Amino acid sequence: MGALQIGRRSMIVCGALVVAPHSSVYTPQELAGKLVALDYGNGTAYAGLLMLEGAMPREAITTRAAGTHGGERLEALLRGDFEATVLQEPWITAAEKAGCRLVSTTFFHGTWVADRRVTPEAYAAFLRAVTRAVRRINADKRRYVSYYLRDFPGHPALAGLTADDFNLGRIQLKEPGPIPEHEARWAWEWMSGWGLLEGAFDVGAQINRRLEREAHEQAALAAGLASRVGGGWGAR
């Protein structure tokens, strides 16, 4: 058995379908037959397909491969290399600062993946730490958006951006939890419909339910103990 999914990530990613300031496109429907650059193989690309699919027949969707770095896609968009692309933060904010328009936005989950070497104890400790971080960030999002800028020091598209420029409605986090099987099945079947996956969905071959269950049970037990003594990760 190789690496399997073990749970949902806590960051709910915002993906935005973006056009350049000079574009004549104002709605996703107007992108029918026009070139949209996607970072194939990444969640942003799948989010882009979902937004486009809701606005036009599949045969009208026209895409090309683009780099995984959002800053590079933004630069190419401003050069006119394609009509639209999909960006995450901090590149959505950078695009707006450059005069670009958002013609559609969506939110999507990612998942954590691990192999056999990860123990329930280790994953439970990770869950406790992430839960505490989620609570801190949600209590003061503006304080933490500067981490976006820290991750890309010196990038010209981010020059001059401050924490006040970010739309906090696009910064969404939730405490970690298990992966709902019906959603995992839907995602598999949707990706299969695009020819991205083959075969029938098999939850046991996709999600390590034992590790997921045991780690969440241990994390919940630790939270209960911590709350009873008035401290630790379970305290708000």
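Rules used in this analysis
Residues numbered from 1 in each chain as written. Predicted model: local features only at pLDDT ≥ 70, side-chain atom pairs only at ≥ 80, totals over all residues. Heavy atoms only, no water. pLDDT = per-residue confidence, 0-100. Contact = heavy atoms within 4.5 Å. Salt bridge = Lys/Arg side-chain N within 4 Å of Asp/Glu carboxyl O. Helix = DSSP H or I, 4+ residues; strand = E, 2+ residues; numbered from the N terminus. Buried < 20%, exposed > 50% of the residue type's maximum accessible area, 1.4 Å probe, protein only. Polar contact = N/O pair within 3.5 Å; in protein donor to acceptor, adjacent residues only side chain to side chain. Phe/Tyr/Trp six-rings, centres within 6.5 Å; stacked < 30°, edge-to-face > 60°. Pairing = 2+ DSSP bridges. Right-handed = clockwise from strand over helix to strand, strands pointing away. 1 Å grid on protein atoms, 1.4 Å probe; cavity = no way out; pocket = protein on both sides within 12 Å on 5 of 7 lines; lining within 4 Å. Points joined across faces, edges and corners; volume = space filled by probe spheres on them. Nonpolar A, V, L, I, M, F, W, Y, C, P; charged D, E, K, R; others polar.

(A) The arrangement of the confidence of the model for the chain in detail. In this model, the chain carries a mean pLDDT of 92, and residues with pLDDT of at least 70 account for 94%. Predicted confidence is poor over residues 227–236, with pLDDT under 50, and the contacts of this stretch with residues over four places away or in other chains come to 18 contacts.

(B) Here's a closer look at the pattern of salt bridges. If you walk through the whole model with that rule in mind, you get 13 salt bridges. Here Asp115 and Arg117 are joined by a salt bridge, their closest N and O atoms 2.7 Å apart. Taking the shortest distance from any N to any O, the salt bridge between Arg209 and Glu212 comes out at 2.5 Å. One end of the pair is Arg209 and the other is Glu212, both in helix H9 (residues 209–228) and three residues apart, which spans about a single turn. What emerges from the salt-bridge pattern is a single network uniting Glu89, Glu96 and Arg170.

(C) Spotlight on the environment of His155. With respect to the element layout, His155 can be found in the loop between helix H6 (146–150) and strand S8 (172–173). A residue is classified by how much of its surface remains accessible, and His155, at 16% relative accessible area, is buried. Put simply, His155 and Lys97 are 58 residues apart on the chain and 14 Å apart in space, counted from C-alpha to C-alpha. Those residues in contact with His155 that lie beyond four places of it in its chain are His69, Gly71, Glu75 and Trp91. Looking at His155, its side chain comes within polar contact range of the main-chain nitrogen of Ala157, at 3.1 Å.

(D) Up close: the packing of aromatic side chains. According to the stated counting rule, one finds nine aromatic pairs in the structure shown. Relative to Tyr123, the ring of Trp112 has its centre 6.5 Å away and its plane inclined at 85°; by these criteria the two rings are edge-to-face. With a gap of eleven residues between them, Trp112 in strand S7 (residues 111–114) and Tyr123 in helix H4 (residues 120–139) connect regions that are remote in the sequence. No difference in accessibility class separates Trp112 from Tyr123, as the two residues are buried. Centroid distance Trp186 to Trp190: 6.1 Å. Interplanar angle 10°. Geometry classified as stacked.

(E) Spotlight on the pairing of strand S3 (residues 35–38). Here S3 pairs with strand S4 (residues 62–65) via four bridges, running parallel. Directly across from Val36, in S4, lies its bridge partner Thr63. With respect to chirality, the unit in which S3 leads through helix H1 (residues 43–53) into the neighbouring parallel S4 is right-handed.

(F) Examining unusual backbone geometry more closely. Residue Pro90 follows Glu89 across a cis peptide bond; omega there is 5°. Turning to its location among the elements, Pro90 is positioned in the loop between strand S5 (84–87) and helix H3 (91–97).

(G) Spatial organisation of the layout of surface pockets. Considering only enclosed or pocket space, the second largest pocket measures out at about 170 Å³ in volume. Along its surface, the second largest pocket is lined by Arg9, Ser10, Met11, Val13, Gly110, Trp112, Val130, Ala133, Val134, Ile137 and Leu173. Ranked by residue count, the leading element in the lining of the second largest pocket is H4, at four residues. Considered class by class, the residues forming the lining of the second largest pocket number eight nonpolar, two polar and one charged.

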